[in-house]
Amino acid sequence: MAEAVPVRCPACLRENGYVTPVFPCACGTPVVPPLDLAAPPLPLTHRTWSDTWVAVRCTACARVSEWPHPELGCSSCGTVVRIAVHPVDPADPVEPAQPVGPGAGEGTQPPATGLVDVPLPPAVRGEGPARTAGGGRAAQGGRPAFRPVTIRTARDAVATAALYLRWLGFQDVRQPDGRPIPSAAVDLRAPGLVAQVDPTTAPAGLRAVECVWLNGLTASATSVYFSLAGYTQDARSRADDLGIPLFVMDLTGMPQPVNDPADALIGTGT
């Protein structure tokens, strides 16, 4: 696994460790976005799907594909920052590696086509075991490492949160009533659990945190909140007062805890 590089939060100046994600090129070679650590990370205050992808050239086949732009949620203040990446230089293409041996070059996979709308995994619909993919966080409490799913759509964000909750030990995580995913926060329920996932481009606010707390209080269940764009300071303070675990998700699909209740939930699970 790659070593973590220090990234300083521009809001609170805390240094956070960031491990560069590795993506699979269509040729099978691992692709790593080339971070530009000389450029300061920028706070992510507004997210659009079009600017959350970055072009990266495969060093083996020279294919240029789009992958999630590296992002990091500050473990201290919850600010989500975007980490700069060196752009692809079209004037300096990489010479593709030449296949060798009998049948070399046959059955080559087609190039990546960019954004796709990934269906909700069976684990979210309650139709089968949890699905895993990619690298993951170190195992805690005897659990195997969590293996994230790349987030490309709002539906993927909900699927990732559901998979993570199952990894924490909550069983039968599902979206109630089979309602379609709206543009606002999405409910997820399990025995002893009330969770909300905000896949929108704005930080979750105070009212969102209080609503999930009230829903959990009514159901005598643990309340958890996931957000793609982080949280306002009021929301963070209120969540700390109420003991609501807050997580922020980057586009690699790895939820990160942003307050002490979230750290405690990871340590103890259900």
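Data block above holds the structure.
Predicted model, so just to flag it, every value in this text is computed and none were measured. (Residues numbered from 1 in each chain as written. Predicted model: local features only at pLDDT ≥ 70, side-chain atom pairs only at ≥ 80, totals over all residues. Heavy atoms only, no water.)

Participant: Could you give an account of the side chain of Arg82, naming the residues involved and the relevant values?
Facilitator: Following the sequence through the fold, Arg82 ends up in strand 9 (residues 80-82). Residue classification places Arg82 among the buried residues on the basis of a relative accessible area of 15%. Looking at Arg82, its side chain comes within polar contact range of the side chain of Glu71, at 3.4 Å. (Helix = DSSP H or I, 4+ residues; strand = E, 2+ residues; numbered from the N terminus. Buried < 20%, exposed > 50% of the residue type's maximum accessible area, 1.4 Å probe, protein only. Polar contact = N/O pair within 3.5 Å; in protein donor to acceptor, adjacent residues only side chain to side chain.)

Participant: I'd like a description of the sheet that holds strand 13 (residues 246-249), backed by residues and values.
Facilitator: Pairing within the open sheet is mixed, and its 5 strands lie in the order 10-11-12-13-14. If you trace the sheet from one side to the other, it starts and ends with strand 10 (186-190) and strand 14 (255-257), each paired once. On average, each strand axis in the sheet is tilted by 25 degrees relative to the strand beside it, whichever way the strands run. Note: strand 10 against strand 11 (residues 193-198), 5 bridges, orientation antiparallel. Counted as the bridge partner of Ala190 is Leu193 from strand 11. In the packing of helix 5 (residues 260-268) onto the sheet, the strands contacted are strand 12 (222-227), strand 13 and strand 14, and the crossing angle to strand 13 comes to about 85 degrees. (Pairing = 2+ DSSP bridges. Axes fitted to C-alpha atoms, helices over the stretch in contact; angles between N-to-C directions. Contact = heavy atoms within 4.5 Å.)

Participant: Can you tell me about helix 2 (residues 154-168), naming the residues and giving the values?
Facilitator: Counted at 1.5 Å a residue, the expected span for helix 2 with its 15 residues is 21 Å, and the 22 Å between its end C-alpha atoms agrees. Most of helix 2 sits inside the fold, with 13 of its 15 residues counted as buried. Two residues or fewer after helix 2 comes Gly169, characterised by a positive phi angle close to 120 degrees. (Expected span 1.5 Å × (residues − 1).)

Participant: Which residues make up the sheet that holds strand 8 (residues 71-73), and what values go with them?
Facilitator: Strand order in this open sheet of 3 strands is 5-9-8, and the pairing throughout is antiparallel. The outermost strands of the open sheet, each flanked by one partner alone, are strand 5 (42-43) and strand 8.

None of the figures reported here should be taken as evidence of function without further support.
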